[in-house]
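Given next are the chains, with one letter for each unit.
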Amino acid sequence: MNAGWLGVVFLFAALDWYAVWTENEKMNRFTKPAAMLALLAWLGWTAGFSGKLLWFALALVFGLLGDIFLLMSHRFFLAGLVSFLIGHLAYVAGFWFDWAQLRLPHFISMVLIGVGLYWIAPIILRGIGTKRSSGKMRVPVLIYMLVISLMVFFAISTLFSADWKPAAAGLAASGAMLFFCSDTMLAYREFVGPFYKARFWVRVTYHLAQIALIAAAVMNFS
């Protein structure tokens, strides 16, 4: 891995965390996309965009688009959600495996993810229902939650795959779960209610998720 360039990624991410913590919106408009652009550059510089790595690059591109949309006015929230949804589908393609490899651990992970979704989804959907301005978001948000849960399943499945190095699989699974946590907190803040430094915690878990997912791909495929 190109540790020097990865350091640049963490530098931009840390600057963005500072911008969000201090509510420096002007700085945030620069640091948020800069962190993703640096991560995309690190992927290209270190491993390239060939083979399965292309899917991970596409996931970052759509993540960057989602970041830009969410920096704009609230009416672009749906566009941001769709961008991230496509990004998760790209991650699914990158983690895809032969269904003939399904074993008991895969089904156990399906059940655990399903239980988590069954617990979280009603809270978010009830929150949407209480806000007249957000009522039309129930179906898109539900679809998004199903897609990110699918991404988490495929990322966790790398732990049971002989095609994945153990360290890379651990990063992939951790990154996917961090992404789920980040988006759950974002949805809670958006539709249920605020909590202390919500944007900060959403952003930290989001950046760590993206970095872990891309690092996993670089470690396994480069």
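Described below are features of the structure shown in this document. Every value quoted in this text rests on a predicted model; they were computed, and no experiment measured them.

**Considering helix H4 (residues 77–95)**
The first and last C-alpha atoms of H4 sit 27 Å apart over 19 residues, in line with the 27 Å expected at 1.5 Å per residue. The buried count for H4 comes to 14 of 19 residues, which makes it a mostly enclosed element.

**Here we look at the packing of helix H7 (residues 166–192) against helix H8 (residues 198–221)**
Running from N to C, H7 and H8 point in directions that differ by 155 degrees, and their axes come no closer than 7 Å. The orientation of H7 with respect to H8, classified from their angle, is roughly antiparallel. In this structure, the crossing between H7 and H8 has a hand that is left-handed. Looking at the contact of H7 with H8 residue by residue, the class counts come to 20 nonpolar, 5 polar and 2 charged.

**Here we look at the packing of aromatic side chains**
Counted under the stated rule, the structure contains 24 aromatic pairs. Residues tryptophan 21 and phenylalanine 200 carry aromatic rings whose centres are separated by 4.8 Å and whose planes lie at 75 degrees to one another, so their mutual orientation is edge-to-face. Here phenylalanine 200 lies in helix H8 and tryptophan 21 lies in helix H1 (residues 3–21), a separation of 179 residues in the sequence. Residue tryptophan 21 is classed as partly exposed on the basis of its relative accessible area, which comes to 35%. Measuring from centroid to centroid gives 5.4 Å for phenylalanine 97 and phenylalanine 154, while their planes differ by 55 degrees, and the two rings are tilted.

**Describing the nonpolar core**
Residues Tyr91, Phe95, Phe179 and Ile214 are the most contacted members of the largest nonpolar core, which totals 63 residues. Listed by contribution, the elements that provide at least two residues to this core are H1, helix H2 (25–46), helix H3 (53–71), H4, helix H5 (104–129), helix H6 (138–157), H7 and H8. Broken down by element, this core gets its largest block of residues, 11 residues, from H6. Ignoring any residue separated from it by four or fewer positions in sequence, one finds tyrosine 91 in contact with Phe56, Ala59, Leu60, Met151, Phe179, Gln210, Leu213 and Ile214. Listed in part, the 5 residues of the second largest apolar core include Ala13, Trp17, Val20 and Phe200.

**Considerations on the pattern of salt bridges**
Evaluated as defined, the whole model comprises 4 salt bridges. One salt bridge connects glutamate 190 with arginine 189, and the closest N-O pair in it is separated by 3.9 Å.

**Quick word on a nonpolar patch on the surface**
On the surface, a cluster of nonpolar side chains totalling about 740 Å² of accessible area is made up of Trp96, Trp99, Leu104, Phe107, Ile108, Met110 and Leu112. Tracing the backbone shows isoleucine 108 in helix H5. A residue is classified by how much of its surface remains accessible, and isoleucine 108, at 44% relative accessible area, is partly exposed.

**Topic: unusual backbone geometry**
You will see that glutamate 23, though not glycine, has its phi angle at about 60 degrees, which is positive. One can find glutamate 23 in the loop between H1 and H2. We classify glutamate 23 as exposed; its relative accessible area is 59%. Its identity as a non-glycine residue notwithstanding, lysine 197 has a phi of 50 degrees, on the positive side. Checked against the element boundaries, lysine 197 lands in the loop between H7 and H8.

Reading guide: rules and limits
- Residues numbered from 1 in each chain as written.
- Predicted model: local features only at pLDDT ≥ 70, side-chain atom pairs only at ≥ 80, totals over all residues.
- Heavy atoms only, no water.
- Helix = DSSP H or I, 4+ residues; strand = E, 2+ residues; numbered from the N terminus.
- Expected span 1.5 Å × (residues − 1).
- Buried < 20%, exposed > 50% of the residue type's maximum accessible area, 1.4 Å probe, protein only.
- Axes fitted to C-alpha atoms, helices over the stretch in contact; angles between N-to-C directions.
- Parallel < 35°, antiparallel > 145°, perpendicular 65-115°, else oblique.
- Left-handed = near helix turned anticlockwise from the far one by under 90°.
- Nonpolar A, V, L, I, M, F, W, Y, C, P; charged D, E, K, R; others polar.
- Phe/Tyr/Trp six-rings, centres within 6.5 Å; stacked < 30°, edge-to-face > 60°.
- Core = buried A, V, L, I, M, F, W, Y, C linked by side-chain atoms within 4.5 Å.
- Contact = heavy atoms within 4.5 Å.
- Salt bridge = Lys/Arg side-chain N within 4 Å of Asp/Glu carboxyl O.
- Patch = residues over 30% accessible without salt bridge, like charges linked within 9 Å, V, L, I, M, F, W, Y side chains within 5 Å.
- Areas by Shrake-Rupley, 256 points an atom, 1.4 Å probe, with all protein chains shown as cover.

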